[in-house]
Amino acid sequence: PAPAPAPAPAPAPIPDLPGELCGIWAYIMWEEAGCPQRSDQEADLEYQRGISELKGFLRSGYTLDDLWKVANGEVKLRDFYRSAASSPAPAPAERAEAKPAP
């Protein structure tokens, strides 16, 4: 019989998400959507979607620092989405070698 395939390596654990970051991210998503009227239940769903989105970005290689730049207004959410869609997150080694812009 053929040997069983090796199990896939376990994904690296992602850091805990700060509650403040989750709240700001949900608010920014709401603003980006045009500040629609919504029920408390819809707001809670939006908050949970924001957490899922943040976890997805962390799993794909973005750091908490990358996400905080959006939350702090250093990077616009729309620009972050555009950048994330057009290129994969830099690998940690690439980050360490990256030089700041002059």
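For the structure given in this document, a descriptive report is provided here. Since this is a predicted model, take the numbers as computed values, not measurements. (Residues numbered from 1 in each chain as written. Predicted model: local features only at pLDDT ≥ 70, side-chain atom pairs only at ≥ 80, totals over all residues. Heavy atoms only, no water.)

### Regarding the overall build of the protein chain
Put simply, the rule is: Every helix listed is a DSSP run of H or I at least four residues long, and every strand listed is a run of E at least two residues long, numbered separately from the N terminus. Residue contacts are defined here by distance: any two heavy atoms, one from each residue, within 4.5 Å place the two residues in contact. Accessible surface area values rest on a Shrake-Rupley calculation with a 1.4 Å probe, where residue burial reflects the displayed protein chains alone.
In terms of helices and strands, the protein chain carries five helices and zero strands. Contacts spanning at least 24 positions in sequence make up 73% of the contacts within the protein chain whose residues lie at least 6 apart. Counting only carbon and sulfur atoms, one obtains 57% of the accessible surface of the protein chain, whose full area is about 7400 Å².

### Some details on helix H2 (residues 40-59)
Quick note on the threshold: The span you would expect from a helix comes to 1.5 Å times its residue count less one. We call a residue buried when its accessible area falls under 20% of the maximum for its residue type, exposed when it is over 50%, and partly exposed in between, using a 1.4 Å probe and counting protein chains only. As used here, the arc is the angular range of directions from the helix axis to the C-beta atoms.
The end-to-end C-alpha distance of H2 is 29 Å, a good match for the 28 Å that 20 residues give at a rise of 1.5 Å each. Of the residues making up H2, those classed as buried are Glu46, Gly50, Ile51, Leu54, Phe57 and Leu58. For H2, the angular spread of buried residues about the axis comes to 145 degrees, placing them on one side. Turned more than 90 degrees away from the buried face of H2 sit Gln41, Asp44 and Arg59, all of them exposed. Buried residues belonging to H2 abut helix H1 (19-32), helix H3 (64-71) and helix H4 (77-86).

### Observations concerning the nonpolar core
Nonpolar side chains in soluble globular proteins generally cluster together in the buried interior. Definition in use: Joining through side-chain atoms within 4.5 Å is the link that ties buried Ala, Val, Leu, Ile, Met, Phe, Trp, Tyr and Cys residues into a set, and such a set is a nonpolar core.
If you look at the biggest cluster of nonpolar residues, it comprises 17 residues, and the most contacted ones within it are Leu17, Leu21, Trp25, Leu54, Leu67 and Phe80. Elements that contribute at least two residues to this core include exactly H1, H2, H3 and H4. The biggest single contributor to this core is H1, with five residues.

### Digging into the packing of aromatic side chains
What counts here: Classification of ring pairs rests on two measures: the distance between centres of Phe, Tyr or Trp rings, Trp counted by its six-membered ring, which must be within 6.5 Å, and the angle between planes, read as stacked under 30 degrees, edge-to-face over 60 and tilted in between.
In the structure shown here, the tally under the stated rule is seven aromatic pairs. With centroids separated by 6.4 Å and ring planes inclined at 25 degrees, the aromatic side chains of Phe57 and Tyr81 adopt a geometry described as stacked. With Phe57 in helix H2 and Tyr81 in helix H4, this residue pair connects regions lying 24 residues apart in the sequence. What makes Tyr81 partly exposed here is its relative accessible area of 27%. Taken together, Trp25, Phe57, Tyr62, Phe80 and Tyr81 form an aromatic cluster joined through their ring pairs.

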